[in-house]
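# Report on the structure
Listed below are the residues making up each chain.
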Amino acid sequence: MASPCESAPFDVARVAREFGTPCWLYRQSMIERRIADVSRFDVVRFAQKACSNLSILKVVKDAGAMVDAVSAGEIVRALRVGYDPRAKVPGVVYTADIFDREALDLVEKHQVPVNIGSADMLEQLAERGIRVPLTVRINPGFGHGHSRKVNTGGDLSKHGVWHEDLPALVARANELGYPISGLHMHIGSGSDFAHLSQVGDAMVKAALLVGSSVRTISAGGGLPISYRKGDEATPPIDLLAYFELWDCARKMIEKKIGHAVTLEVEPGRYLVAESGYLVAEIRAVKNQGKNRFYLLDAGFTDLVRPSFYGAYHYISIYGKDGAMLVGSEPAVVAGPLCESGDVFTQEEGGFVTTRDLPEAQVGDLLVFHDAGAYGAAMSSNYNSRPLAPEVLERGGELRLIRRRQSLEDIFRLEEPCASL
Ligand code: LLP
């Protein structure tokens, strides 16, 4: 089947010229649009792990959404852009299965509400006498995601408090004097509606067990987007139906416990994936037997999702003048790393495949679409490759929001030891 033709909605050649390649580009308007899509929920809490650049957090904040934090670093990012953990609706909540020591210190210092994923976290709060609002992330015993690696429910998942252990946790929290003010469930990423819709019932059951201390429930994240285009695209999730399902769960809980309950949603991918693009340059074109390879200056050090999950990202290609190329010839798209898994066209399990793409030459620009979530955020310095710059586009204006890392930046933390 011929690939659908969808071009990147910005001047690709200009981005490459002004910022070099590889380079991330985000469109602010798309982030704002996606936040508006889910604004029926009382609170939209952005899972910043998807894209935690400070300027992106600022855009999210200005659009009215809160954030979660899964590490000390993410707490500090939230504070840096002005989120207030002590506000009535907390600007930032720490959600994790453990506290490392630094995170626990920050939670104490800034009074950050905590969403615990293990009973040990409760003990560690109590040991230090840290009194912060406490919610519980429950593993409802089932989960689902776009890959086994992102399924966060069921007995093979390390996440959340196992649903059958909730009564014991509630008893212990009462004993220690910690009212459980909310419940949270996140069964996985890129789930489908059928799976997401089962969570509401599990939430009602859990909330009734905890009782009247419950003031908030969170539907977690996991909302999917369609990475494929044209005929291959998956239909968008029915957000109204999704909200209504959760609203119904919320109303059932309110009726039983006799007071209002705030309904939160915690998407990462849905808010930022479609805003983001990775622009790379084709640096070599070669044939290996019957397969044509386009080798780029971006690798899995930049965008790891294809190598890690066999994830699909739509690709468009542009000539040096910026005109989009058309055509459909099978090619493998790979990166520069000294590692055979550094291939963007592969399926889960590491099977290299070809993609039907326009015929291209060295110097042409290749763009990965829908790369705003878990793109730059998952980049690394493997092979001593610097992190690529990030650029934010608003109304045609391009702003550098993270400069390209220099080699000196990478080496700064190291000293050759004396005996060398
Ligand atoms: N809330 C919690 C507690 C989570 O663990 C996650 C994602 C989210 C919300 C946001 O999930 P989302 O709405 O983005 O699906 N690196 C993978 C995704 C891993 C997600 C981990 N937790 C990927 O590139 O697909």
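The secondary structure content of the protein amounts to 13 helices and 20 strands. For 420 residues, the compact-globule estimate of 2.2 N^0.38 gives 22 Å, and the C-alpha radius of gyration of the protein, at 23 Å, lies within 12% of that figure. Oriented by its inertia axes, the alpha-carbon framework of the protein measures out at about 65 × 60 × 40 Å. Looking at the 420 residues of the protein, the share that counts as buried comes to 54%. Nonlocal contacts in the protein, meaning residues at least 24 apart in sequence, comprise 71% of its contacts between residues at least 6 apart. In the structure as shown, the protein presents an accessible area of about 18700 Å², 51% of it carried by carbon and sulfur atoms. Each charge class in the protein can be summarised by its mean position, and for the 46 positive and 53 negative side chains these summaries are 3 Å apart.

Our focus in this paragraph is the site of the ligand. Looking at the ligand, there are 20 residues lining it, with Ser189, Glu266, Arg305, Tyr309 and Tyr374 nearest. Contact between the ligand and Ser189: an oxygen atom at 2.5 Å from a side-chain N or O atom of the residue. Here an oxygen atom of the ligand sits 2.7 Å away from a polar atom, N or O, in the main chain of Arg269.

This part is about the pairing of strand β6 (residues 134–139). Most of β6 sits out of view: six of its six residues are buried. Residues Leu134, Val136 and Ile138 of β6 are buried on one face, and the alternating residues Thr135, Arg137 and Asn139, pointing to the opposite face, are buried as well. By the bridge criterion, three bridges tie strand β5 (residues 114–116) to β6 in an arrangement that is parallel. Looking at β6, one finds that Ile116 is bridged to Val136. For the segment spanning β5, helix α6 (residues 119–127) and β6, crossover handedness is right-handed. Where β6 lies against strand β8 (residues 180–184), four bridges are found, and the strand directions are parallel. When the sheet's bridge partners are listed, Val136 is paired in β8 with Leu183. Alignment of β6 against strand β7 (residues 161–162), held across two bridges, turns out to be parallel. Counterpart to Asn139 in the pairing with β7 is Trp162.

A few words on unusual backbone geometry. In this structure, the amide linkage connecting Thr21 to the following residue, Pro22, adopts the cis form with an omega of -10 degrees. Mapped onto the secondary structure, Pro22 falls in the loop between α1 (12–19) and β1 (23–27). The phi torsion at Tyr374 lies on the positive side, around 60 degrees, for a residue other than glycine. By the secondary structure assignment, Tyr374 is in the loop between β18 (365–368) and β19 (390–394). For Ser384, which is not glycine, the phi dihedral falls at a positive 55 degrees. Tracing the backbone through its elements, the reader meets Ser384 in the loop between β18 and β19.

For the pair helix α9 (residues 199–210) and helix α10 (residues 239–257), interaxial distance at closest approach is 9 Å and the crossing angle is 15 degrees. By the criterion of interaxial angle, the relationship of α9 to α10 is roughly parallel. By crossing handedness, the relation of α9 to α10 is classed as right-handed. Residues Val199, Gly200, Met203, Val204, Ala207 and Leu208 of α9 touch α10, and the partners they reach there are Trp246, Ala249, Met252, Ile253, Lys256 and Ile257.

Before going further, it helps to examine the pattern of salt bridges. Within the structure shown, the criterion is met by 23 salt bridges. Glu18 serves as the salt-bridge partner of Arg14, at 2.9 Å between the closest nitrogen and oxygen. A residue pair is termed a helical-turn pair when its members lie 3 or 4 positions apart in one helix, as Arg14 and Glu18 do in helix α1 at four residues. The salt bridge partner of Arg34 is Glu274, with a shortest N-O separation of 2.8 Å. With a gap of 240 residues between them, Arg34 in helix α2 (residues 28–37) and Glu274 in the loop between α11 (269–272) and β11 (276–288) connect regions that are remote in the sequence. Owing to a relative accessible area of 17%, Glu274 belongs among the buried residues under this scheme.

Checked against the element boundaries, Asp364 lands in the loop between β17 (355–357) and β18. Summary of buried charges: Asp364 has no salt-bridge partner, and the nearest side chain of opposite charge, Lys320, is 4.8 Å away. Here the side chain of Asp364 touches Gln361 through a polar contact of 2.7 Å, landing on its backbone nitrogen. With residues up to four places along the chain from it excluded, the contact list for Asp364 reads Ala280, Glu281, Ile282, Ile317, Tyr318, Gly319, Lys320 and Leu325.

Let us look at helix α4 (residues 72–80). Where α4 is concerned, the buried positions are Ala72, Glu74, Ile75 and Ala78. Buried residues of α4, viewed axially, fall in a sector of 165 degrees; they line one side. Next to the buried residues of α4 lie α3 (54–62), β3 (66–69), β4 (92–96) and α5 (101–110).

Okay, the packing of aromatic side chains next. A full pass over the atoms with the stated rule returns seven aromatic pairs. Pairing Phe10 with Tyr277 gives two aromatic rings, centres 5.1 Å apart and planes at 65 degrees, and the pair type is edge-to-face. Of this pair, Phe10 sits in the segment before α1 while Tyr277 is found in strand β11, placing the two residues 267 residues apart along the sequence. As far as burial versus exposure is concerned, Phe10 and Tyr277 are alike and both buried. When the ring of Phe41 is compared with that of Phe243, the centres are 5.2 Å apart and the planes differ by 85 degrees; the resulting orientation is edge-to-face. Taken together, the positions of Phe41 in the loop between α2 and β2 (43–47) and Phe243 in helix α10 put the pair 202 residues apart, joining distant regions of the chain. The exposure classification of Phe41 matches that of Phe243, with both residues buried. Taken together through their ring pairs, the aromatic side chains of Phe41, Tyr242 and Phe243 make up a single cluster. Positioned above the aromatic ring of Phe308 is the side chain of Lys149, whose terminal nitrogen or guanidinium carbon lies 4.6 Å from the ring centre.

The rules we used
Residues numbered from 1 in each chain as written. Predicted model: local features only at pLDDT ≥ 70, side-chain atom pairs only at ≥ 80, totals over all residues. Heavy atoms only, no water. Helix = DSSP H or I, 4+ residues; strand = E, 2+ residues; numbered from the N terminus. Rg over C-alpha atoms; globule rule 2.2 N^0.38 Å. Buried < 20%, exposed > 50% of the residue type's maximum accessible area, 1.4 Å probe, protein only. Contact = heavy atoms within 4.5 Å. Areas by Shrake-Rupley, 256 points an atom, 1.4 Å probe, with all protein chains shown as cover. Lys, Arg positive; Asp, Glu negative; His and termini not counted. Charge placed at Lys NZ, Arg CZ, Asp CG, Glu CD. Near = heavy atom within 4 Å. Polar contact = N/O pair within 3.5 Å; in protein donor to acceptor, adjacent residues only side chain to side chain. Pairing = 2+ DSSP bridges. Right-handed = clockwise from strand over helix to strand, strands pointing away. Axes fitted to C-alpha atoms, helices over the stretch in contact; angles between N-to-C directions. Parallel < 35°, antiparallel > 145°, perpendicular 65-115°, else oblique. Left-handed = near helix turned anticlockwise from the far one by under 90°. Salt bridge = Lys/Arg side-chain N within 4 Å of Asp/Glu carboxyl O. Arc of directions from axis to C-beta. Phe/Tyr/Trp six-rings, centres within 6.5 Å; stacked < 30°, edge-to-face > 60°. Lys NZ or Arg CZ within 6 Å of the ring centre and 35° of its normal.

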